[in-house]
Amino acid sequence: MVPLCYCRFLDRLQLRELKDSLIIFCTDVFSAMLIRATGQNLRLAYLFSLESLDLVKQIEVSEILSSGDIAALIYLWNPFTIVACVGLSTSPVENMAVILCLYGACSRLIPLAAFGWVIATHLSLYPAILIIPVIFLLGCGPDAPPRKLFLQRHQQEEVLNQSKLPLGFSWRPIIHFAFWALLWSVYVLVLCGISLKQFGGIWEMFKSTYGFILTVEDLSPNIGVLWYFFAEVFDFFRNFFLIVFHVNIIFMILPLAIRLCHRPCFLAFVYIAIFSMLKSYPSVGDSALYLGLLGWFVNELADMQFSFFLFCGYFGVSLLSPVMHNLWIWRGTGNANFYFATAMVYACLQIILVVEGVSAMLNHDRKLRNLTTGKPRDAKS
Amino acid sequence: MKKAKKQEEEFNEELLLKPLPDRKVLAHFHFRSSASLSTSNGGHHHLFPKAISQLVQKFRVKEMELSFTQGRWNYESWGGFDPIPSSNAKPPGVELWAVFDVPQHQIDASWQNLTHTLSGLFCASINFLESTTTYSAPEWSFPPASGNLRYGTLPREAVCTENLTPWLKLLPCRDKAGIAVLLDRPSIYRGFYHSQRLHLTSTGSGSEGMVSGIILEQTLTVVLQPNSQRAGMAYASERHIQPSWSLTSIFGKQVSGTCVLAKSSNVYLLLDRGLVAELEHLHKENEKSAENGFTSQNFWTKPSFELSADPDRIFIEENSLHSKGSSVLYKFQVEKYSESEPFDLSLTWKIPVVWLSQQAPLHASRFLMGSGNERGAIAISLKSTQLSEGFMGANADDERCDLQVNVFQVVPWYVKVYFHSLQVFVNQQPKAISDIIEKIHVSPSKDKVSPGVMEMVLKLPCKVNSAALTIEFDKGFLHIDEYPPDANQGFDIPSAIISFPNFHASMIFLKDDSVNKSPLLSKFQEKSPVMSYTEALLVPLTTPDFSMPYNVITITCTVFALYFGSLLNVLRRRVAEEERFLKEKAAKKTGRLSLLLSKLSAKLRGRQWEPPSSPPASSSFINAKLVFKVILVAGLAVGWQYFFS
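Residue numbers here run from 1 along each chain, matching the order of that chain's written sequence. To read the labels, note that chains go from A and ligands from 1, taken in the order they are written. Local features are withheld for residues below a pLDDT of 70 in this predicted model, meaning they are given only at 70 or higher, and side-chain atom pairs are given and counted only at 80 or more; totals for whole chains, interfaces and linings count all residues. Only heavy atoms go into the side-chain values, all of them from the structure, while hydrogens and water stay out.

Per an unreviewed UniProt entry, chain B carries the name GPI transamidase component PIG-T-like isoform X2 and comes from Durio zibethinus.

Looking at an unreviewed UniProt entry, one finds chain A named Phosphatidylinositol glycan anchor biosynthesis class U protein-like isoform X2 and attributed to Durio zibethinus. The UniProt entry for chain A carries the following text under Sequence similarities (unreviewed entry): "Belongs to the PIGU family." UniProt positions are given in the numbering used here, feature names are shortened, and annotations may be inferred rather than shown by experiment.

Put into C-alpha cells, the structure is as follows:
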C-alpha cells in the first residue's frame, strides 16, 4: 500500500535495520500528542469566540472530553492507523510532518510550521497546498466564526470592544513563514543534492519522486481508484486524464479557501481529505490522518448528516476490501472488478464525508450568525 | 565451380548422427560458408548469401548468433557435456546475441536496426527485441563476454517452417541437393527437439573497421524418434534393444549426391563415450564367455551393431582427461554416392545396450515458489550429476577444490526482483552469500525501461551434492495494452544460463590433418565452456478485466463529477437566499402565464433601461457580463488553437 517512491527514497531497508517498528510507533504517539495540543488550542479559540459572541449558553460544548483528546484518541485507536503502523508503512512519518506543520502554525511557532510544511511537501508533494491554511492560520489566528459576525454583533451592542474582536490579517508572520520555508527548503535540497550526487543529482530525484507521483506509473492495486483507471484507460487519453485528476484537486482550492478562510484548521482538514482521496497512490495511512483530524471539530460538526451511514460504510469497506483483494490476487477466484468496486465505494464515502463536513461547517456558521443577530428570518447574506 | 573456390569462398555441408540413450536419434546438420569480403566484385559473392554480408557490413557485426528452438533439450538423458549440447542446446523460442564493432553509444541503435533486419530476413518477430525492456548487456557472465554484447530472448516465439525456409535460402543449394535434401518438414517438426541456429563471425582487419572475412555457420539440431522397424518381434530382451534406424526411416528421404557447390560433404556417426565404454565392456564379456584368444580385436571391427554402408574412416577420440573412455566417429563421404546409388545409412542393433550420456558437472533447473499473484520467488537448483563425480573427484585431491559456476539471469521488469533477498543453500544448508558468491553484478530493472540483470560467479565446493539460489520478487501490474493476447496463460521469464568455465566441452580427434579440414570436427576441438540453459518460467500475472475499460472510465469519471459538483454546490448554496426565492415563488404562484408576463415585462424594462449604444438586434439577453464571458471563452479558444497549431 505504501507508494513505491517512498520505499525507494526513504530506503525501507535502512529503516528496517533501525528497528523501524519502534520508530513508527513512536511517530504515531508523537503525532497524537501534537494533535491533542493543537486540539486544545483550537478549543480555547472556539470557547473564546463563543464568549465574545455571548453564545456560551446557546451552544453546548461537550465537557467530558475536549476535542483535542477526542482527536488524539481517534487517531491512535483508528484501525487504519494501527494497520499502517503494523504494516511498517512510511505514512505515519508523512502524517507527522503534516501535523507538525499545523501544530506549528496553530501555536505560532513559525520555524516549526515551515519545517513541517517543507518536509511534508518533500515527502509526498500533495501537502504543498496546505500553505493556504497555514497562511490563514498565521495571518488571522485559529478557527473562529466569520469576522463580519463580530462586527455585526458589536454594532448591535454599539460598544466596540476591541479586546473581544479577533485580530485582523497581519502580514508579518507570513513573511516570517516564507523566509523560514525558503530556508528549510534550500537546506533540504542541498542535503539531497549532496547525498544524491552520484545518482544523477537533484533533477533525477525530482523526476523519480514527484514525477512518479504525478504520472501514475505504478499500477499496483491500492485503495484508490486511479490505479485501475490508468490500467484500463486508452493510452492516448492518459495525459488528458492525468491533467483532469490533478486539476480536480487544484480547482477546489480557491472556492474552499474563499468560503472557509475564517476556519483555517478546518480548511486544512478538507484539503487533507481531498488530496488523500484524489492522490495517485492513496493508502489507509492517509485516511487515518484526516479521520483523526476530524476529531478537532466534534462540536462544530455535531449535526453532520449521514454520520451513521458513513461510519457503517467505512466499516464495511474496510472489511470487504481485504476480502476482495484476497479473492482476486491470492485465490484467483475473484475478479479485479470486485476489488475495484470496494475502492469505488470507498471513494464515494470519502466524497460524502468531505461534502457533508463542509456543508455542516457552513451550516454551523449560519446557525451562529442567526443566534448572534437573533433574527433568523431577516438574516440575509 | 573450381574457379569460385579461388575467391576463398567455401561451403561445407556435414551431418552428424548420434544414437541417444533414450531410443532417440540426434541429427545435427552443420553448414558452413565463408567468404572474404572484398569490394572487387562489387559486393557480390558466388556462394555466400549477400543479405548476410550486407548485414555484417552495415551494422559492423563482429559476432552474432540467432537461434530458433522448439522443445527443450533434455540434459539428463541427452547429455550436457559434449560440444553439441553446450553450443547447440538453446532456450525455447528465439535467442539472439550480437557483438558489435562500433563505439559504445551506437551499440543500441545498431542492435535495434539489426533486430529489424533479422526480423525481415527470417519471418519472425525478432523486432520485439528492439524495445529496451527485452534485451540486456551482460558484462562478463555470458561466455563471449565483451562490452559490446547485447543479448535478448523471446521465449514465446513459435518456431515453424516459415522460419526454416528463409534459413535454407542462405544455403547455396537450398534443400534441392546435398545433405539438406534430408530436411523434410513433416519429419523434422515431428521431432522432440528442434533448434536451428545461425552463427556469424567476422574477422575484422583492424582499425579502419573494414570486414575482411565472414564465416557463417548454420546448424540444425533435431532429436527424432525412429520408428521401430521390428515391432513385430516381441520377446522380452527385444525391449532393451535400441531401435534400428536408417536415414529413410527417420527423414523419409535419402541423400542422392552432394551439393556440387560444396567443398566437402560428409556424414558422421558419433558413438559417445558412455556408449563406447558400454560396448567395450560387452565385447570383453563376450570374449570371456566365448573364451576366445583373439583379444586384439576391437569391438568396432566386430561390432554389436551393423551399418549398411562401410565407413570411409574411423576416428577415435584422443582424450586423456576423461577416464570414461573415448568416443568413436565413423565418417562417410557422400561424394561416393550418386543418384543411382543413393546414400542411405542404416544402423541395426544386434544386442541390447543401455548407457548414459555424459552430464554437465551440475544439473541446473529453475522453478517458481510461492502462490498467489502478488509475490513469489525464483529458485535455481543445481544438482550434482552422479556420473561426473569421478573426474571431479580426481580434481578434488589437488588442493582446496572449487567448482566455479557462472549464472546469468535476465528478468523482465514486471517481475520486480528484490536482490537483497538472495539466499544460497548448499547441501540444503543456508550459507552466507559472501562465502559462496565470489562475484556478483546486478542491474535492477526500471519500470517499462529495462529488465533486471543478475550475473553471478559461484564458488561451490567440489563435493557439493546440491546447491540452490532463491530470490524473491513482486509481480507487477501492467496496462491492458501491455498484456499479450492470451494474458491468462502467463508471462515467460527467459532461461537462465549456467556455465562452467573450468570445464571445456571439446572432442579432439587427432587422427591426421584431415580433421582440420572438416569444419564440424574442428568446431568440436574448440575449447568452449560447458553451458546449459534452464527452463523458461511461466509466471502468471494478475489480469484486470479486459472487457470493461469503458465502464471503468465512465464510472470513475461519474464519481469525480459527483465530488466536484456536490462540493461546489455546497459551497455556492446560500440558505437564506433560497428561502427568499421560494417565498417569492410561492407569492407569485398565480399561474405560469402571469409569471412569464412578469418576467417579460421585467426584461423589457431592463432593455429600456440599458444604454442606447447596445445594438437593438441583440435584444435583452446581451449584457456586459455575458459579452465579457463570450469574449473570454473565445479568447481562450483562440489561444488554445494558436498554442497547439
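Undergrad: I'd like to hear about the overall build of chain B, residue by residue, with values.
TA: For chain B, the count of helices and strands is 16 helices and 26 strands. The contact rule is simple, with two residues in contact once any of their heavy atoms fall within 4.5 Å. Within chain B, residue pairs in contact and separated by at least 24 positions form 76% of the contacts whose partners lie at least 6 positions apart. In these tables, accessible area is a Shrake-Rupley quantity obtained with a 1.4 Å probe, and a residue counts as shielded only by the protein chains included in the view. Put simply, chain B shows about 31,200 Å² of open surface, and 55% of that area lies on carbon and sulfur atoms. Here a strand is any run of E in DSSP of at least two residues, a helix any run of H or I of at least four, and the numbering for each starts at the N terminus.

Undergrad: Can you explain the overall build of chain A? Please cite residues and give values.
TA: Along chain A, the regular secondary structure elements total 17 helices and zero strands. Think of it in three bands: with a 1.4 Å probe and only protein chains considered, a residue is buried below 20% of the maximum accessible area for its type, exposed above 50%, and partly exposed in between. The buried share of chain A, reckoned over its 381 residues, is 54%. Taking contacts inside chain A between residues at least 6 apart in sequence as the whole, the part at least 24 apart equals 77%. Of the accessible surface of chain A, which amounts to about 17,300 Å², a share of 70% is contributed by carbon and sulfur atoms.

Undergrad: So what's going on with the interface of chain B and chain A? Residues and values would help.
TA: The interface is formed by 40 residues belonging to chain B together with 51 residues belonging to chain A. Summing the contributions of chain B and of chain A, the shared interface buries around 4,200 Å²; its carbon and sulfur component is 69%. Of all residues in chain B, Phe-560, Tyr-563 and Leu-571 of chain B give up the largest surface area on contact with chain A, accounting jointly for 17% of the area buried on that side. Any Lys or Arg side-chain nitrogen located within 4 Å of an Asp or Glu carboxyl oxygen qualifies as a salt bridge. For the pair chain B and chain A, the number of links is one salt bridge. Here Asp-218 of chain A ties to Lys-416 of chain B by a salt bridge, and the two come within 3.5 Å at their closest N and O atoms. Under the rule applied, a polar contact is a pair of N or O atoms within 3.5 Å (in protein, one hydrogen donor and one hydrogen acceptor; residues adjacent in sequence only if both atoms are side-chain atoms). On inspection of chain B and its partner chain A, the count reaches nine residue pairs in polar contact (both at pLDDT 80 or more). Every element with two or more residues in the side of chain B that touches chain A is listed here: β18 (415-426), α13 (549-572) and α14 (575-587) of chain B. As a working rule, the residues Ala, Val, Leu, Ile, Met, Phe, Trp, Tyr, Cys and Pro are called nonpolar, Asp, Glu, Lys and Arg charged, and the rest polar, with Gly in that last group. Of the residues that constitute the side of chain B that touches chain A, the class distribution is 21 nonpolar, nine polar and ten charged. Buried surface area refers to the total accessible area, computed with a probe of radius 1.4 Å, that the two partners give up upon joining, counted for both partners together.

Undergrad: Describe the packing of helix α15 (residues 284-294) of chain A against helix α17 (residues 336-373) of chain A, naming the residues involved and giving the relevant values.
TA: The description of two packed helices rests on the angle between their axes and on the distance between the axes. All names here are of chain A. In contact at an axis separation of 13 Å, α15 and α17 are set at 25° when each is read in the N-to-C sense. In this view, α15 runs roughly parallel relative to α17, as classed from their interaxial angle. With respect to the hand of their crossing, α15 and α17 are arranged in left-handed fashion. Across from Ser-287, Tyr-290, Leu-291 and Leu-294 in α15, the residues of α17 making contact are Tyr-346, Gln-350 and Leu-353. Of the residues belonging to the contact of α15 with α17, the class tally is five nonpolar, two polar and no charged. Between the N-to-C directions of two axes lies an angle of 0 to 180 degrees, each axis being a line fitted to C-alpha atoms and, for a helix, fitted only over the stretch in contact. Throughout this description, any angle smaller than 35 degrees is read as roughly parallel, any larger than 145 degrees as roughly antiparallel, any in the 65 to 115 degree range as roughly perpendicular, and the remainder as oblique. We call a crossing left-handed when the near helix sits turned anticlockwise from the far one by less than a right angle, and right-handed when that turn is clockwise.

Undergrad: How would you explain the pattern of salt bridges if you had to name every residue and give the values?
TA: Residue and element names in this part refer to chain B. Applying the stated criterion across every chain yields a total of 26 salt bridges over all chains. One salt bridge in this structure joins Lys-18 and Asp-272, with 3.8 Å as the shortest N-O distance. With a gap of 254 residues between them, Lys-18 in strand β1 (residues 10-20) and Asp-272 in the loop between β10 (264-271) and α8 (273-290) connect regions that are remote in the sequence. As far as the burial class goes, Lys-18 and Asp-272 line up, both buried. We note a salt bridge from Arg-72 to Glu-535, for which the minimum N-O separation is 3.9 Å. Within this pair, whereas Arg-72 is found in the loop between β3 (61-70) and α2 (75-78), its partner Glu-535 is found in the loop between β25 (528-533) and β26 (537-539), the two being separated by 463 residues in sequence. Several salt bridges converge on common partners, so that one network encompasses Glu-65, Lys-90, Glu-95, Arg-197, Glu-217, Lys-523 and Glu-526.

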